Amino acid sequence: MNYARFLNAVSKARVASPIRELTAIQQRGPPTLISLASGMPNTDMFPFIQASVTLPDDSQLHLDQKLIKRALQYSPTPGIPELVQWLKQLQVQLHSPPTCSLGPDQGQMDLCVTTGSQEALSKTFEMLVTPGDNVLMDQPTYPGTLAAVRPLGCNLIPVETDQLGMRPDVLRDVLSRWTPQDCKNPQSDVPKVLYTIPNGGNPTGATMSLDRRQEIYEIARNYDLMILEDDPYYFLQFERPRLPSFLSMDVDGRGLKFDSFSKILSSGMRVGYVTGPKPLVSKIVLHLQASTLHTSTLTQMILFLLLEKWGVDGFLQHCDRVSDFYKERRDHMIKSADKWLTGLAEWHSPSAGMFLWLNLQGVQDTHKLIMEKAMEKEVLFVPGNAFSVVPGEPSPHVRAAFSQATPEQMDKGLERLARLLKEESQL
Ligand code: PMP
């Protein structure tokens, strides 16, 4: 892979901060090392002595005086080493990345902890996109990504999705404006980046079939595309074994996988991680060095204590419990949709994530309906246009989340929507 082809001028201009490098060296150094180098503050002056977190089984994660001093201090940009190592092992166990066949510390794979996957996504677009570039994306897609990428002045090309995720036939059709040879021409505007949410898509709930993953990977090889695999719902796949990721099939090193703890351990702790080829992950690290410096050491350490206590098996058992919880919620939502919305809306039952995508029959633009009328009925959904890659495009869809509402609330909410739709159809 010629990674220079994918990096923009901003990214090429980013260089390592000598002070950040020194922080890493200092933390690796022997206890006898005397450092007069870095300007890190003295943790003796911080007003925290120790911390404990209680788990559901009443056991505790404890940060004693020594650990809390580390937790309150600056730490290396890619993440605290023990957490990075734990996550690399996890990725190897779950995805066996082909570019990493020699083990987590060898081969080409690298990993960086980020402040939620949102930070990793935003830095990645900042690294890859030049104004005027054509960027391929699921249509519809996650508004957080649109918020990160739209101001970069690129041209977002929507690739239609259905209940099985991004459609390879549409992708081929879109790319037919170019030829694979255009990738060799630096002047060509052939797309270089493809962004997709393979599991439990936000907003559609769609999960990409294995056949499509393979087909899209082959298209990406043909057109030398970088695949950005935004996967915060990976662990919320309701069927096990989970579907193979792009990371697991990435023989070229043409993908970055964005993972998150937000849906399974805590959204407020703000921890995610990005995995992919070393040359790109190292660049993301440089972008972070110019913004947050690193993800909170305190949250990383609490997280690591938990993961270390659980081990990979315990962590995966927890993920299964969370996924089973959402699966049950999904079942309640579908039961209520069947009861109230048959004939008024269409949907596919999602096999991952926390969203149901409802296509409201006879409604051209759900924005008006939701913003003006649904509130009167005391029910709220997100109108589909919020997720459109094409600004201002009306949508007949709404996104209904089954994450927080109780089964009773979901039932009542969908009944209220049904009443609204019936009233509207009589106007
Ligand atoms: N990608 C998608 C598809 C999401 O739905 C979200 C959260 N809503 C994110 C990324 C960002 O998640 P995080 O909390 O890890 O930043």
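Below: a short report on this structure. (Residues numbered from 1 in each chain as written. Predicted model: local features only at pLDDT ≥ 70, side-chain atom pairs only at ≥ 80, totals over all residues. Heavy atoms only, no water.)

Brief notes about the layout of surface pockets
By volume, the largest pocket is sized at about 580 Å³. As for the largest pocket, its lining consists of 29 residues, and the residues nearest its centre are T161, D162, T204, W357 and H397. Within the residue set of the lining of the largest pocket, elements represented by two or more residues are β5 (155-162) and β12 (355-360). Broken down by element, the residue count for the lining of the largest pocket peaks at 3 residues, all from β5. Here the residues of the lining of the largest pocket are counted per class, giving 9 nonpolar, 15 polar and 5 charged. The space that makes up the second largest pocket amounts to roughly 440 Å³. Residue lining of the second largest pocket: 17 residues in total, with A24, R28, P76, T77 and P78 positioned closest to the centre. Elements supplying a minimum of two residues to the lining of the second largest pocket: α2 (18-28), α4 (81-95) and α10 (278-289). In terms of residue count, α2 provides more of the lining of the second largest pocket than any other element does, 6 residues in total. Per-class residue counts for the lining of the second largest pocket are 9 nonpolar, 4 polar and 4 charged. (1 Å grid on protein atoms, 1.4 Å probe; cavity = no way out; pocket = protein on both sides within 12 Å on 5 of 7 lines; lining within 4 Å. Points joined across faces, edges and corners; volume = space filled by probe spheres on them. Helix = DSSP H or I, 4+ residues; strand = E, 2+ residues; numbered from the N terminus. Nonpolar A, V, L, I, M, F, W, Y, C, P; charged D, E, K, R; others polar.)

Notes on the side chain of S403
Here S403 shows up in the loop between β14 (397-401) and α13 (407-426). With relative accessibility at 17%, the residue S403 sits in the buried group. When near neighbours in sequence (up to four residues on either side) are disregarded, S403 contacts F325, Y326, R329 and M354. (Buried < 20%, exposed > 50% of the residue type's maximum accessible area, 1.4 Å probe, protein only. Contact = heavy atoms within 4.5 Å.)

Brief notes about the environment of T204
Looking at where T204 falls in the secondary structure, it is placed in the loop between β7 (193-196) and α8 (210-222). Overall, the relative accessible area of 16% leaves T204 in the buried class. Along the backbone, T204 and L356 are 152 residues apart, and their C-alpha atoms lie at a distance of 6.4 Å. In this view, T204 contacts P140, T161, F355 and W357; residues no more than four positions away in its chain are not counted. A polar contact of 3.2 Å, which involves the side chain of T204, links it to the backbone nitrogen of A206. (Polar contact = N/O pair within 3.5 Å; in protein donor to acceptor, adjacent residues only side chain to side chain.)

Looking at the site of the ligand
The local shell around the ligand holds 14 residues, among which S117, D230, Y233, S260 and S262 are the closest. One of the side-chain nitrogen or oxygen atoms of S262 is found 2.6 Å away from an oxygen atom of the ligand. Take K263: an N or O atom from its side chain is 3.1 Å from a nitrogen atom of the ligand. Considering the ligand on its own, with 400 Å² of exposed area, one finds that the protein chains cover 91% of that surface. Element by element, the count of residues in the shell around the ligand is highest for helix α5 (residues 116-128), at 4 residues. (Near = heavy atom within 4 Å. Areas by Shrake-Rupley, 256 points an atom, 1.4 Å probe, with all protein chains shown as cover.)

A word on the packing of helix α12 (residues 366-374) against α13
Remark: α12 packs on α13, axes separated minimally by 12 Å, with the N-to-C direction vectors making an angle of 110°. As judged from the angle between their axes, α12 and α13 are roughly perpendicular. Between α12, through L369, K373 and A374, and α13, the contact on the second element is made entirely by L420, L421 and E424. (Axes fitted to C-alpha atoms, helices over the stretch in contact; angles between N-to-C directions. Parallel < 35°, antiparallel > 145°, perpendicular 65-115°, else oblique.)

Considering the packing of aromatic side chains
In this structure the tally under the stated criterion is 9 aromatic pairs. Note on F235 and F315: the rings are 5.3 Å apart at their centroids and 80° apart in plane angle, and the pair reads as edge-to-face. Here F235, found in the loop between β8 (226-230) and α9 (246-249), pairs with F315, found in helix α11 (residues 297-341); they are 80 residues apart in sequence, far enough to count as distant. Comparing F235 with F315, the two get one shared label, buried. Between F261 and F315, the aromatic rings sit 6.1 Å apart at their centres with planes inclined by 80°, giving edge-to-face as the arrangement. Residue F261 is located in the loop between β9 (255-260) and β10 (272-277), and its partner F315 is located in helix α11; the two are separated by 54 residues in the primary sequence. Each residue in the set W86, Y234, F235, F261, Y273 and F315 is aromatic and connected to the rest through ring pairs, giving one cluster. (Phe/Tyr/Trp six-rings, centres within 6.5 Å; stacked < 30°, edge-to-face > 60°.)

Quick word on the sheet that holds strand β13 (residues 382-383)
The strand order across the open sheet built from 4 strands is β11-β12-β14-β13, with neighbouring strands paired in antiparallel fashion. The outermost strands of the open sheet, each flanked by one partner alone, are β11 (345-346) and β13. Strand direction decides the pairing type here: β11 and β12, joined by 2 bridges, are antiparallel. Bridge assignment links E346 to a residue of β12, and that residue is N359. (Pairing = 2+ DSSP bridges.)

Comments concerning the packing of helix α7 (residues 168-175) against α8
Close contact between α7 and α8 brings their axes to 10 Å; oriented N to C, the two are set at 15°. Of the possible angle classes, the one that applies to α7 and α8 is roughly parallel. Here α7 runs over α8; the crossing is right-handed. Here α7 contributes P168, L171, R172 and L175 to the contact with α8, which in turn contributes R212, E215, I216 and I219. Partitioned by chemical class, the residues of the contact of α7 with α8 number 5 nonpolar, no polar and 3 charged. (Left-handed = near helix turned anticlockwise from the far one by under 90°.)

Observations concerning the pairing of β14
A large share of β14 lies buried, amounting to 4 of its 5 residues. Summarising the sheet, β12 and β14 pair through 5 bridges and their orientation is antiparallel. When the bridges of β14 are listed, F355 appears paired with A401.

What to know about α12
Because each turn of an α-helix spans 3.6 residues, side chains separated by three or four positions in sequence point in the same direction. Those residues of α12 that sit buried are T366, L369, I370 and A374. Down the axis of α12, the smallest arc covering the buried residues is 90°, so these residues share one side. A distance of 3.0 Å separates the backbone nitrogen of H367 from a side-chain oxygen at the start of α12, and that oxygen is part of D365. (Arc of directions from axis to C-beta.)

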